[in-house]
Amino acid sequence: MKRRDFLKTSTLASSALLIPAFLKPFEGFAMDAITGHKNLVIIQLSGGNDGLNTVVPFGNDIYYQKRKSIAIANTDVVKLNDMQGLNPALGALKEIYDQGWMSVINSVGYPNPDRSHFRSMDIWQTASDANEFLTTGWIGRYLDSNCQTCKDPYTAIEVDDTLSLAMKGKNMKGIAVQDPNKLYQTTREPFFKDLVHGPEDAHLHEDNLGYLYKTMIETYSSADHIQNTSKIYNVTAPYPATGLANQLRTVSKFINSGLETRIYYVSLGGFDTHVGQQAQQGRQLKIYGDAVAAFVKDLKQTGKLDDTLIMTFSEFGRRVEQNASNGTDHGTANNVFLFGGKLSKAGIYNDAPDLQNLDNGDLKYQVDFRDVYATLLNKWLDVDNASILNKNFAGLNLV
C-alpha cells in the first residue's frame, strides 16, 4: 500500500471513530518543550458512584430510614467526624486523611442535572452548562490556551488506550499512553517510520490527511521522549495488583522520572449499582482506596506529594432512597475528593449533604463542580479559569 493510500484510509477510519487500534494512542498530541513542576492527577469513577455510601452520613437518622437494607452499619463506618465517615472498603484512606492529605467536598453538582451517564459525563468533561453541547474538553482548552500564548506549552497524558473528551481541545490534545515502551516500539515499526520520515510533506497541506500525518510525526517524537525520560526511573513502592493501581504506578513513574507533563488522567468503571449495591460498590471502592493510598504514600516517599494534586469525581451521585433491588438509581450531587501534600483545608470541606431538604428525592448541590475546576486552574495550574471555563467561577479555598 502506498503512503498516500494508507493515510487516506486511516483518515476515513478516524472520521468514523474507527481509528485502527495501533493508532488510538496517537489520537491526540501535546508534547512540545514543556516545563512545570506541579502535577495534577484526575481520577474518574465511571458509572455514577453512590456518594452517600462512600462518605456515609451515619450521624443522620434519615440516611438509615431511606436505606433500610443497603446502609452502611454505624459500627462499620470509618469515622471522620461525628456526622460522616468512610465506607469500610476505603479503610486504606483513613491514614491518608489523618495525615492531612485528603479533602472531602460534599454535594458537588450543577444546575438542572442530567441523569444520563453519557450526557452528564460530557458535562463534567467539557465543563459546560446542562443546556450546552461543547466539542472540546476543559483540559483540552487549557492546552489550547497555553499553546496560543506560547509561554508554557504544557501537556497532558491519559494512562489508557483511548483519549477522553476532557483531554481534547480545538488545536491541542493530550496523548493516550498505556505503556510507554509499547508506544515506543510501535512507532519504530518499519512501516510507521517510513511514513513519518517519508519525503512527501504535501500531506501537511491537506486538512484531514494533514491532521493525521502531523499527529503521527508528533507522536513519533513524543514516544521517543516519553520512553527515554521515563525509563530512567523504576517504581519500587508496593502497589496492589489491580488495573487502577497499575495506572497510578505508571503515573508515578512519569512524575518521578521528571517527565514535564502537568496533567494525568486515569479512570475506574463499575459504579453503576442498580442491583445488589453493597457488594459491587464495596469491591470497586476497595480497588480505588487501596490504589490511591499506595500512590499517595509513594509520592510522599519520593518527595513529590507537595507538587501533586489528585482529584476524584464521578458523573453523578445516586438517589437518596434505595430501590427495590437493593441498589440505587441515578441521582444528582456527589462528593469530590482532593489529595495532596499542600491542601489549605484538609478534612471535610463543607456541611454534610442535607437529607431533609431534597429536590424530588435527590440531593441539592451546594458546590458547582466548575468552582472545583476553577480552583485547580487558578491556584494550581496558574491560569485564569474564565478563559478555560467560558465564564468566571470564584473557586474554593482548598489549595
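Structure's up top.
Residues numbered from 1 in each chain as written. Predicted model: local features only at pLDDT ≥ 70, side-chain atom pairs only at ≥ 80, totals over all residues. Heavy atoms only, no water.

Asker: Sorry, what's going on with the overall build of the protein chain here?
Answerer: Within the protein chain, the secondary structure is distributed over 12 helices and 12 strands. Within the protein chain, counting contacts between residues at least 6 apart in sequence, those at least 24 apart form 72% of the total. In the structure as shown, the protein chain presents an accessible area of about 16,400 Å², 49% of it carried by carbon and sulfur atoms. (Helix = DSSP H or I, 4+ residues; strand = E, 2+ residues; numbered from the N terminus. Contact = heavy atoms within 4.5 Å. Areas by Shrake-Rupley, 256 points an atom, 1.4 Å probe, with all protein chains shown as cover.)

Asker: In this structure, what is going on with the sheet that holds strand β2 (residues 55–56)? I would like to understand it.
Answerer: The strands making up a sheet are joined through hydrogen bonds of the backbone, oriented either antiparallel or parallel. Read across the sheet, three strands follow the order β2-β4-β3 without closing on themselves; strand pairing throughout is antiparallel. Since the sheet does not close on itself, it has two edges, and those belong to β2 and β3 (78–79), each with one partner. In the sheet, β2 pairs with strand β4 (residues 85–86) via two bridges, with the strands oriented antiparallel. Bridge pairing in β4 links valine 55 to leucine 86. (Pairing = 2+ DSSP bridges.)

Asker: In this structure, what is going on with the packing of aromatic side chains? I would like to understand it.
Answerer: For any pair of aromatic rings, the description rests on two quantities: the centre-to-centre distance and the angle between the ring planes. Counted according to the given criterion, the structure contains 10 aromatic pairs. On the basis of an interplanar angle of 20° and a centroid distance of 6.2 Å, the ring pair of phenylalanine 254 and tyrosine 264 is categorised as stacked. A residue pair is termed long-range when its members are at least 10 positions apart, and phenylalanine 254 in helix α9 (residues 243–257) and tyrosine 264 in strand β8 (residues 263–268) qualify at 10 residues. A residue is classified by how much of its surface remains accessible, and tyrosine 264, at 0% relative accessible area, is buried. Taken together through their ring pairs, the aromatic side chains of Tyr110, Trp124, Trp138, Phe313, Phe369 and Tyr373 make up a single cluster. Against the face of tryptophan 380 rests lysine 38, its NZ or CZ located 4.8 Å from the ring centre. (Phe/Tyr/Trp six-rings, centres within 6.5 Å; stacked < 30°, edge-to-face > 60°. Buried < 20%, exposed > 50% of the residue type's maximum accessible area, 1.4 Å probe, protein only. Lys NZ or Arg CZ within 6 Å of the ring centre and 35° of its normal.)

Asker: Looking at this structure, how should I read the pattern of salt bridges?
Answerer: For side chains bearing opposite charge, pairing can occur when the charged atoms are close. What the rule picks out here adds up to 10 salt bridges. In this structure, aspartate 50 engages arginine 67 in a salt bridge whose closest nitrogen and oxygen atoms are separated by 2.5 Å. Here arginine 67 lies in the loop between α2 (61–66) and β3 and aspartate 50 lies in the loop between β1 (39–45) and β2, a separation of 17 residues in the sequence. Pair check on accessibility: aspartate 50 and arginine 67 agree, each one buried. Between arginine 318 and aspartate 272 there is a salt bridge, with its nearest N and O atoms 3.1 Å apart. Taken together, the residues arginine 318 in the loop between β9 (308–314) and β10 (334–340) and aspartate 272 in the loop between β8 and α10 (277–301) connect sequence positions 46 residues apart. Overall, arginine 318 belongs to the buried group, its relative accessible area being 2%. Sharing partners across several salt bridges, the network here consists of Asp129, Asp368, Arg370 and Lys391. (Salt bridge = Lys/Arg side-chain N within 4 Å of Asp/Glu carboxyl O.)

Asker: Looking at this structure, how should I read the environment of alanine 223?
Answerer: Summarising the element assignment, alanine 223 is placed in helix α8 (residues 207–230). Looking at alanine 223, the relative accessible area reads 1%, which means it is buried. Separated by 43 residues in the primary sequence, alanine 223 and proline 180 have C-alpha atoms spaced 6.9 Å apart. Other than its neighbours up to four places away in sequence, alanine 223 contacts Leu183, Tyr184, Thr187 and Arg188.

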